[in-house]
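# A structural walkthrough
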Number of protein chains: 2
Amino acid sequence: MISTKGDYGVRALIDLAVHAGEGPVQRADIASRRHISESYLDHLLAQLRRDGFIRSTRGPGGGHELAKPAADLCLLHVLESLEGSLAPIGCVHEDSADDEHDPLCGQQWVWRELYDGMRERLAEISVAELVEREQAREQAIAPSYSI
Amino acid sequence: MISTKGDYGVRALIDLAVHAGEGPVQRADIASRRHISESYLDHLLAQLRRDGFIRSTRGPGGGHELAKPAADLCLLHVLESLEGSLAPIGCVHEDSADDEHDPLCGQQWVWRELYDGMRERLAEISVAELVEREQAREQAIAPSYSI
DNA sequence: ACAATGCTGACCAAGTTGGTCGAGAATAAC
DNA sequence: GTTATTCTCGACCAACTTGGTCAGCATTGT
């Protein structure tokens, strides 16, 4: 349900958040720091750009930047941009009204309950929080780490 | 994350639960009542049999039956049987210890949180509950329905 | 002008999904 | 013990998704 698309895309946003304020970050840097194929990353960045999460500039010194503060980027929107619907199964859609039942899918309420639960959790988590957690982890592993 | 495998498999179990106590239920009946391809259903029943959810008998008058009361069949186990791991992403496994991190997947805690949340919910729902809800829905739609 | 950088779309191999099909095995009824 | 019924198992298949590569173009700083 969440493929490497979402995983990699989130990693890329974290990278941009970590290096926010240092000017555009280049594709190649993100790719090497986050262990993502450079050309694959292209497609993910394109999607993130289309949905307004990042801003990109071309030419020498160009690169990618967050379009908004990391605290305003919630995981739900990012993942839905990258993955399409997070619905656990076809018959449940975000925008389906309550009375719009697939008559063959009597278990819809179960899938919807799962779906809603997931989306609620994801809506509470921002990219900024992921950055904090990552930095806490780095501290724990290598307290003297710095560049 | 949940494909028609899980969906169809659950439908089949509901069908068996509804007709429990009436002797073996035949593949063809399940398939037609629940709108599943008969030969595809074969594979799902095979899996459910392997994992001890149902019992099957061959020959005329044969068919399939629940191996335990419907109240004892929780959705979590059924779905994990049919779908394999329900993990939303590769780096999270049910049996991975807390200190077993993929060093490249710093966001593991997010996926794990989602995963654990889902599994908790699914563990609380039994096939019996699905049957009750289905019957409640039938009442609501066609109060005079009976066979 | 040229080099650095992003942008885009075509293409591809491998795996998954949702099936179909056919040969065979068990068993109840005759 | 033959036959009809029913499940069992494995091979096969088309369509789609995933995770990627690649070439060529667009933009822009120097």
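Here the structure is shown first, and the text comes after it.
For clarity, every value in this text was computed on a predicted model and none was experimentally measured.

Thresholds, definitions, all that
- Residues numbered from 1 in each chain as written.
- Chains lettered and ligands numbered in written order.
- Predicted model: local features only at pLDDT ≥ 70, side-chain atom pairs only at ≥ 80, totals over all residues.
- Heavy atoms only, no water.
- Near = heavy atom within 4 Å.
- Polar contact = N/O pair within 3.5 Å; in protein donor to acceptor, adjacent residues only side chain to side chain.
- Helix = DSSP H or I, 4+ residues; strand = E, 2+ residues; numbered from the N terminus.
- Nonpolar A, V, L, I, M, F, W, Y, C, P; charged D, E, K, R; others polar.
- Least-squares fit on C-alpha atoms with pLDDT ≥ 70 in both.
- Contact = heavy atoms within 4.5 Å.
- Buried area = accessible area lost by both parts, 1.4 Å probe.
- Salt bridge = Lys/Arg side-chain N within 4 Å of Asp/Glu carboxyl O.
- Buried < 20%, exposed > 50% of the residue type's maximum accessible area, 1.4 Å probe, protein only.

Another point: the protein's contact with DNA strand D. Around DNA strand D, the surrounding shell holds 25 residues, and the nearest of these are Thr4, Ser37 and His43 of chain A together with Arg27 and Arg49 of chain B. The protein-proximal atoms of DNA strand D, defined as those within 4 Å of the protein, are 72% sugar or phosphate. Within the contact set of DNA strand D, a phosphate oxygen lies 2.2 Å away from a side-chain nitrogen or oxygen of Arg49 of chain B. Between DNA strand D and Arg58 of chain B there is a distance of 3.3 Å, counted from a sugar or linking oxygen to a side-chain nitrogen or oxygen. Only helix H1 (4-18) and helix H3 (38-50) of chain A together with helix H3 (38-50), strand E1 (54-57) and strand E2 (63-66) of chain B provide two or more residues apiece to the surface near DNA strand D. Across the surface near DNA strand D, the residue classes break down as four nonpolar, 15 polar and six charged.

It is worth spelling out the relation of the copies chain A and chain B at this point. Its rotation angle being 180°, the transformation that places chain A on chain B also includes 0.0 Å of axial translation and leaves an RMSD of 0.0 Å. Read as a symmetry element, the transformation amounts to a two-fold axis. The C-alpha atom lying nearest the rotation axis in chain A is that of Met1 of chain A; the distance is 2.2 Å. Interface residue correspondence from chain A to chain B reaches 100%, placing this contact among same-surface, isologous pairings.

Let's shift gears to the interface of chain A and chain B. Taken together, the contact between chain A and chain B spans 32 residues of the former and 32 residues of the latter. Carbon and sulfur atoms make up 66% of the surface buried where chain A meets chain B, a total of about 3100 Å² over both sides. By the criterion of area lost to chain B, the three top residues of chain A are Gln107, Trp109 and Leu114 of chain A, representing 20% of everything that side buries. Taken together, chain A and chain B are joined by two salt bridges. With its nearest N and O atoms 3.8 Å apart, the salt bridge here joins Arg121 of chain B to Glu113 of chain A. Where chain A touches chain B, the interface holds two residue pairs in polar contact (both at pLDDT 80 or more). Mapped by element, the contributors of at least two residues to the side of chain A that touches chain B are H1, helix H4 (75-83), helix H5 (108-123) and helix H6 (127-141) of chain A. Top contributing element to the side of chain A that touches chain B by residue count: H5 of chain A, with nine residues. Residues that form the side of chain A that touches chain B fall into these classes: 19 nonpolar, five polar and eight charged.

Residue and element names in this part refer to chain A. Under the defined criterion, the tally for this structure stands at 20 salt bridges over all chains. Between Arg34 and Glu134 there is a salt bridge; the shortest N-O distance is 2.9 Å. Here Glu134 lies in helix H6 and Arg34 lies in helix H2 (residues 27-34), a separation of 100 residues in the sequence. Across this residue pair, the class does not change: Arg34 and Glu134 are buried. In the salt-bridge network here, residues are joined through shared partners; they are Asp15, Arg33, Arg34 and Glu134.

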